Every structure is written in structure tokens, then in C-alpha cells.
Amino acid sequence: MKASVLTKVATQSILKNKMRTLLTMLGIIIGVGAVILMVAIGQGAQGQIQRQIEGLGTNLIVIAPGTSNTGGVSGGAGSFNRLTVDDVEKLERETVLLAGVSPVIATGSQVIGGQGNWRTRINGVSVDYATIRDWGTTSGSFFDDADQRSMARVAVIGQTVKEALFPDSDPVGEQIQLRNVPFRVIGVLEPKGQSAEGTDQDDVILAPYTTVRTRLSGRSFVPQILASTFSPEEIPSAQEEIALIMREAHDLAEWEADDFTVRNQADLTDAAQGTTEVMTVLLSAVAGISLLVGGIGIMNIMLVSVTERTREIGVRLSIGARGSDVLTQFLVEAIVMSAIGGALGVGLGFASAQVLANATGWSTAISPTTVGVALAFSAAIGIFFGFYPARQASSLDPIEALRYE
Amino acid sequence: MTTLRASRAADRGIASVSTDAGDVVIRTTGLTRVYATGRTEVRALDGVDVSVREGEFVAVMGASGSGKSTLMNILGCLDKPTAGSYELDGIRVEELDKNALAEIRNQRIGFVFQSFNLLARTAAIDNVELPLLYDRSGRKIDSRKAAAEALERVGLADRMDHEPSEMSGGEQQRVAIARALVGQPSLILADEPTGNLDSRTSVDVMTLFQDLNDQGITVIIVTHEPEIARYCKRIIRMRDGRVIVDEPVRDRRCARDDLERLAYLDEQNVAEVAV
Ligand SMILES: Nc1ncnc2c1ncn2[C@@H]1O[C@H](COP(=O)(O)OP(=O)(O)O)[C@@H](O)[C@H]1O
Ligand SMILES: [Mg+2]
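Residues numbered from 1 in each chain as written. Chains lettered and ligands numbered in written order. Predicted model: local features only at pLDDT ≥ 70, side-chain atom pairs only at ≥ 80, totals over all residues. Heavy atoms only, no water.

(A) Structural view of the site of ligand 1. As a matter of local geometry, ligand 1 sits amid 13 residues, with R403(A), G65(B), K68(B), S69(B) and T70(B) nearest to it. More than one chain reaches ligand 1: its neighbouring residues belong to chains A and B. One of the backbone nitrogen or oxygen atoms of G65(B) is found 2.7 Å away from an oxygen atom of ligand 1. At a separation of 2.5 Å, an oxygen atom of ligand 1 approaches a polar side-chain atom of T70(B). Starting from 560 Å² of accessible surface for ligand 1 in isolation, the protein chains cover 69%. Residue assignment for the shell around ligand 1 shows that the elements contributing at least two residues are β1 (24-37), β2 (40-53) and α2 (68-75) of chain B. Residue contributions to the shell around ligand 1 peak at three residues, all from α2(B). (Near = heavy atom within 4 Å. Polar contact = N/O pair within 3.5 Å; in protein donor to acceptor, adjacent residues only side chain to side chain. Areas by Shrake-Rupley, 256 points an atom, 1.4 Å probe, with all protein chains shown as cover. Helix = DSSP H or I, 4+ residues; strand = E, 2+ residues; numbered from the N terminus.)

Shown next as C-alpha cells:
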């Protein structure tokens, strides 16, 4: 049969049974749509967490006090178990592999200035912090070595703080009061959004750790030290280097375990990815089931119409169609239906992912792989359930097919 | 060719009986068909020898279960004999494969079923066009136009776009006949074509078959109604899968005349009622 005739016969047959066609396609539409939506949610969550962790800065290494294994050393709460500014300075002096090192001395405070007052976090950090966290300014600039050495009362403020205190003006050069200590705003940080834990990273004020330690906090220990390498490949050796320097700084004997932990971004990512992967797998399973249910629906409809279709095959065979003509027709029908159904399903998946994203603020991601797999699956289902009964029927003799009940 | 045959047939006139000297179209020898159903075997055909010449008009008669349909299905290349041979236009049909049989069904035979076997929810013209869509002979035909002409020939020019469910049984059978003749076959086979129709419509359908036969087409129909068989030229009677009688029709009738007579009687009746 010519291709044009074949298309004509197949289209006629599809249009002639609108209800059957619609029901058949509905299974595929919903199945494919569900797969795409579910995977979009899962991958969106994964992508969001990935971005948030990357948002911490590239090639990040986090040094925290305490042993990584809980049954650790006897030392307990001695000052040895803490990280200090001396540790930071020693790391800075002796490191070869690190691109930057910065303590994070966190304290909270009321800020007064501009339009009023605002409660926020104040982080005492070093000059390297901007590099480590890959964090630029939208206005003004970060503080420099001179500020750090001279314990200058300068501050770089986050977007949220800027919005709260200086909504309509550029705060660079303005005065603010932190615990009654006047600081000069020298820069405004780029917005970074929420962290993986859901805190607003822009609700922060950065100042030289030297200043924060002497003027605001008064304590000499450091809750956390951040460092970064020049490239991801250097991270493992940099971690070893840090460990060596830190053990020396803490005067640890060979038999003593580390009283600090050094973790890299991959460790952090792994933990977070683990949970979202479980979620994605679960969602995909749900979606897979709905695709299967769709497939069973198609099979049901095909089985219901098999008597009618077998007779149709009988009629066609009796007037001179070859078995192969009939098979090709059914194959084309199945392909057309699952292609249209698949395309509509992809559309439905996209649309519902968009609606969901708008309604909940979740981020969703649709990859070409998802679309491809969903389409391939729907084509397989459509072809299997549409084509298989036809194959059976077309191998009958015309008379048997006509007599089929 | 068709027109030549047609004029020859017209010369002979409708009264001519089975003395036609046309070529042999169908020849079966020892045709046997056994259905194996579970443990029992049914010999539906048990050694049938028949010859049919070009231009004949044969009625196959016999009680239900005597093997008429089985014979027709084999003659129509819809089924194959278990034993014996069937020659159609000199071709040994039992030696052909499925595709060659499909080709023969498409090119040489028009088959009409008792239950019409039209495609549901499909316009008359699409149903009639169907055989031409499977035509592989390479002959150039405007299948749409041919289908419309075939419908005109059976008097359904005004029903082309109707679906089977919108037509009476007689109209559906006409569509089926149009479908059978659209490919210009030389042989038309009809298995109880009037079996589902009332007597008036039956006569109506028989006028079609007589017209086709007058145009030179060989026609074989199955019927168990003697009145219908009298429109044919030759009767083959079967019993238990064998041919028991094979004779010409003596008092052959013209379906068109009968139809006119019926119409006249109707008028009389209406007139009587009116008086
Ligand atoms: N598909 C079949 N399977 C088994 N037996 C059949 C089949 N078709 C017909 N028969 C049997 O073959 C015999 C002849 O049937 P058939 O040719 O249909 O007779 P007719 O058309 O004269 O009524 C019957 O006894 C019938 O039961
Ligand atoms: Mg029968």
C-alpha cells in the first residue's frame, strides 16, 4: 500500500472511533504527564540543593571543632578542642594549597541606621571570605587587608539588611550602629537567596574578624573555619594539609585522634543528595505505576474492541488486503496515537510542573532524558497493546477473522 | 473487453439458459473440506466436482449445513480445501500462498456476504473504495470516482456519505454489492445475499445480480429460497457436502419485471383501500 493511502486508512480509523482513540490516548497522556511532573519535582529539588551547596562557594572546605567519630578522645571540653584565631593565622602562614582561609565568628545584634533598626547576624570573617564563598558586591567593595589589620569599623551588608535599612538609597558611606559601636558601610553583597537549611543568607553583615572579636564578641575561639582551594582536584590533598597543620597547632601526639573535622563540599552534597535521590526514586516509582495503569487501561480498551477490530481485519482481508497491509495500518495507528498522546502528555507534564512551581515556589526541572524515556515508554505501551492483538488477528484466515466472536 | 462481453450477453437476451459456450472459469475436482473440531471431524465438503463457465448465473441450494458456505468460501479464495483441486481461470488455487490469494480476491472476485460485512462508522463511499486501496496491479484508477460510479450502478448515488447504521438492510447489501464490483471482477460470489432481507428487497437485489450477469459477469449465489433461485440460470443442489443435482433453471424469471408487477399490485391495493 502506498504511504499516502496507508496514512489515510489509519487516520480514518483513528477519527472514526473518537471515543476509543481518546480513551486510549488518555492513558498515555496521564502516564507520560505524571512521569514528567514527578521527575521534574525530584530533579528540581536535587538541582536546588545542588545549587545551594555550590552557592556556599566553589572548592569549599569546612573545618569544625570536635572529632568526627563520637566515641573519640578523652580531652572533652578543654580549650584544645576549640578552634582559635591562632589556628587561622597558622593555616594562612603555612599553607601551600589553600586559596583562602577565613574564620567565621558569628554573633547576633540589633543594627541601627538608615530607616530604623533590624536584628541580624554579624559574621566576623577575613578578607579571603569573599573569594572562598565566591561572593561579590553590588555596590561598594569588600574590606581589605589594611582594614583587617587595623581592626577598622567597616561593614559589608547583605541585601536583606540593605532592604530593611536603606530601601531607597545606596548605603555605601553611611553609618550604622552595632551594639552602640559605629560602623561605616563600605559595600553591599550580591543576593544569594536561601541556604540549604532554609535560612536567608542575605540577612547578614560581614565585618573583619579582628574588629568583631575585639569590639563585639570578645571571645577568642572560632566556631568554624572556611577554606578553599584553587581547583577541585586539590581538595583531597588540601584536606590532608589542613589536618597536618591543625594537628601541629593543637599539639596532638601521634596516638591522639583529630580534635577537629575537615569536610569538603562533596561530603555536604552527598548527605543532601542522598535524601533527594530517595525522593526522586519514590516519585519516579509513583509515576511509573501511573504509566503502567495507563498501559493497562489501553490494553483493556484494545481488548474490548478486539472483536470489532478482528472483524474489520476479516473484512479487509476478504477484499484483498494482505496480512502485512493490515499490520502496517495497525502499527501506523498505534504510533500515531501514542505519538499524539505522548506529545500531549509532555505538554501536560510541563504545564503542571509550571503550575506547581508557581503555586508552591518549588523548583522543578525537566531534562530531555525524562521526556525521551517517557515518550519511548508510551510508544512501547501503545505499540504493544495496539499492535499485538492486530498481529494475532491478521494471521487468521479471512473467514476465521470474520467469524470471530 | 467488458463492453464486448456485455454486448454479447445482451444479444443472447435474458432468456438464454446455461448453454453458454464461454471459457471455463471455475473447475473443482474432488474438492474436500474437513473441519477438525476437538475430537470430531466434520466433512463439510466431500468430493465436489463442479465447472462453471464464463457468463453463467448459478444458484447453490441445499439444506442448512449441507456445505454451501464452505464451498463458496473456497471458491472465493477465503479458505483452502483439505483435499482436491480448485482451478480458477486455469490457476491451481490450492498451490498459492496467502499473498497470491489476497491478490486474486482483490482482482478477480467480488464477494457478497449474508451479513454485509461493511466497516462500521464508515461512509458508503469509503466502504466501496476499500478494495481499490489494496489494489497492487498498478492499473491507473481514480478510486474515488470508481467508488462513486459503483454506488450509482447499485442505485445509491444519493447515499454515498451515509454510514451503514443509517441505511436499511437492502441499502447495506447494495453497498456491499457495489464494493464487490468496484474492482471490475469477472466473478461475483454471494453467500445468501438475500438471507437477511424481506422478499421485496430480495427481488430488488436480484435485479442487480441479473444486470451484472447480463453485462457478462459470472455470478454464483447461495440461497435456500426457490423463488430467488428462479432468477438464476442454473441450480446446484447440495446435501452432506456433495452435489446431488445440477440442472438448468427451466422457468427463469426476470427480477425487474417482477418488481414492476409488485409495484403495480401495490398501486391496486392502495386504490382498493381508497375506494
Ligand atoms: N469453522 C467451522 N468449524 C467447524 N465446523 C464447521 C465450520 N464451518 C462450518 N462447519 C460445519 O460444516 C458443515 C457445513 O457448513 P456450511 O458450509 O456453513 O453449511 P451451509 O452454508 O450450507 O449452511 C456444517 O456441519 C457446519 O457445522
Ligand atoms: Mg451458510
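(B) Summary view of the interface of chain A and chain B. At the junction of the two partners, chain A supplies 26 residues and chain B supplies 23 residues. Buried area between chain A and chain B, summed over both chains or domains, comes out near 2400 Å², and the portion from carbon and sulfur atoms is 52%. Of all residues in chain A, K16(A), I319(A) and R322(A) give up the largest surface area on contact with chain B, accounting jointly for 27% of the area buried on that side. Counting across the interface, chain A meets chain B through two salt bridges. Along the contact surface separating chain A from chain B lie nine residue pairs in polar contact (both at pLDDT 80 or more). Listing elements by their share of the side of chain A that touches chain B, those giving two or more residues are α1 (3-16), α10 (306-318), α11 (323-360) and α13 (398-403) of chain A. (Contact = heavy atoms within 4.5 Å. Buried area = accessible area lost by both parts, 1.4 Å probe. Salt bridge = Lys/Arg side-chain N within 4 Å of Asp/Glu carboxyl O.)

(C) Spatial organisation of the side chain of T370(A). All names here are of chain A. Mapped onto the elements of the fold, T370 is located in helix α12 (residues 368-394). The buried category is assigned to T370, whose relative accessible area is 9%. A distance of 2.7 Å separates the side chain of T370 from the side chain of S367, its partner in a polar contact. Sequence-distant contacts of T370, that is, excluding residues within four places in its chain, are made with V35, I36, V39 and Q43. (Buried < 20%, exposed > 50% of the residue type's maximum accessible area, 1.4 Å probe, protein only.)

(D) Expanded view of helix α6 (residues 169-181) of chain B. Compared with an ideal rise of 1.5 Å per residue, which puts 13 residues at 18 Å, α6(B) spans 18 Å between its outermost C-alpha atoms and is within 8% of the ideal. Counting buried residues along α6(B), twelve of its 13 residues qualify, which places the element largely inside the surrounding structure. Looking at α6(B), one finds that the buried residues are G170(B), E171(B), Q172(B), Q173(B), R174(B), V175(B), A176(B), I177(B), A178(B), R179(B), A180(B) and L181(B). Looking at the packing, one finds that the buried side of α6(B) touches α10 of chain A together with β6 (109-112), α4 (124-133), α5 (143-153), β7 (187-191) and α7 (199-214) of chain B. (Expected span 1.5 Å × (residues − 1).)

(E) The arrangement of the sheet that holds strand β4 (residues 83-88) of chain B in detail. All names here are of chain B. The antiparallel open sheet is built from four strands, whose spatial order is β2-β1-β4-β5. What marks the edges here is a single partner per strand, and that holds for β2 and β5 (91-92). Across the sheet, α2 touches β1, β2 and β4, and the angle it forms with β1 is around 120°. (Pairing = 2+ DSSP bridges. Axes fitted to C-alpha atoms, helices over the stretch in contact; angles between N-to-C directions.)

(F) A look at the nonpolar core. All names here are of chain B. Grouped together as the largest cluster of nonpolar side chains are 49 residues, with contacts concentrated most on I26, C77, Y86, L88, L189 and I220. For L88, the residues in contact, after removing those within four places along its chain, are V25, I26, C77, V93, I104, R108, I109 and L187. Formed by 46 residues, the second largest nonpolar core is a distinct cluster that contains I125, L151, F209 and I217. (Core = buried A, V, L, I, M, F, W, Y, C linked by side-chain atoms within 4.5 Å.)

(G) Examining the sheet that holds strand β10 (residues 242-248) of chain B more closely. All names here are of chain B. Pairing is mixed across the open sheet formed by six strands, whose spatial order is β6-β7-β8-β3-β9-β10. This sheet does not close on itself; its edge strands, each paired only once, are β6 and β10. This sheet shows a mean twist of 15° between the axes of neighbouring strands, independent of strand direction. As defined by bridge partners, strand β9 (residues 234-239) adjoins β10 across six bridges and the pair is classed as antiparallel. In the sheet register, R237 faces β10, and the bridge partner there is V245.

(H) Looking closely at the side chain of R33(B). Mapped onto the secondary structure, R33(B) falls in strand β1. At 3.0 Å, the side chain of R33(B) forms a polar contact with the side chain of D79(B).

(I) A look at α2(B). Residue and element names in this part refer to chain B. The buried count for α2 comes to seven of eight residues, which makes it a mostly enclosed element. Buried residues of α2: K68, T70, L71, M72, N73, I74 and L75, and no others. Once α2 finishes, C77 follows within two positions and takes phi at roughly 60°, a positive value.

(J) Here's a closer look at a negative patch on the surface. Residues and elements named next belong to chain A. On the surface, D86, E89, E92, D144 and D145 cluster together into a negatively charged patch. Counting residues per element, the negative patch draws most heavily on helix α3 (residues 85-94), which supplies three residues. Considering the arrangement of structural elements, one finds D145 in helix α5 (residues 145-149). (Patch = residues over 30% accessible without salt bridge, like charges linked within 9 Å, V, L, I, M, F, W, Y side chains within 5 Å. Lys, Arg positive; Asp, Glu negative; His and termini not counted. Charge placed at Lys NZ, Arg CZ, Asp CG, Glu CD.)

(K) Summary view of the packing of α10(A) against α11(A). Residue and element names in this part refer to chain A. It is at 9 Å that the axes of α10 and α11 come closest, and there the two elements cross at 135°. Relative to α11, α10 is oriented oblique. Crossing geometry of α10 relative to α11 is assigned as right-handed. Between α10, through R309, E312, I313, R316 and L317, and α11, the contact on the second element is made entirely by G323, V326, Q329, F330 and E333. For the contact of α10 with α11, the residue count by class is four nonpolar, two polar and four charged. (Parallel < 35°, antiparallel > 145°, perpendicular 65-115°, else oblique. Left-handed = near helix turned anticlockwise from the far one by under 90°. Nonpolar A, V, L, I, M, F, W, Y, C, P; charged D, E, K, R; others polar.)

(L) Focus on the pattern of salt bridges. For the structure shown, the criterion picks out 27 salt bridges over all chains. When the shortest N-O distance is used, the salt bridge between D325(A) and R136(B) registers 2.6 Å. Remark: R136(B) occurs in the loop between α4 and α5 and D325(A) occurs in helix α11; the pair is interchain, linking two chains. Accessibility expressed as a relative area gives 5% for D325(A), which makes it buried. Looking at R136(B), the relative accessible area reads 32%, which means it is partly exposed. For D251(B), the salt bridge goes to R230(B), with nearest N and O atoms at 3.7 Å. Note that D251(B) is positioned in the loop between β10 and α9 (255-274) and R230(B) in the loop between α8 (226-229) and β9, a separation of 21 residues in sequence. Given the relative accessible area of 29%, R230(B) is considered partly exposed.

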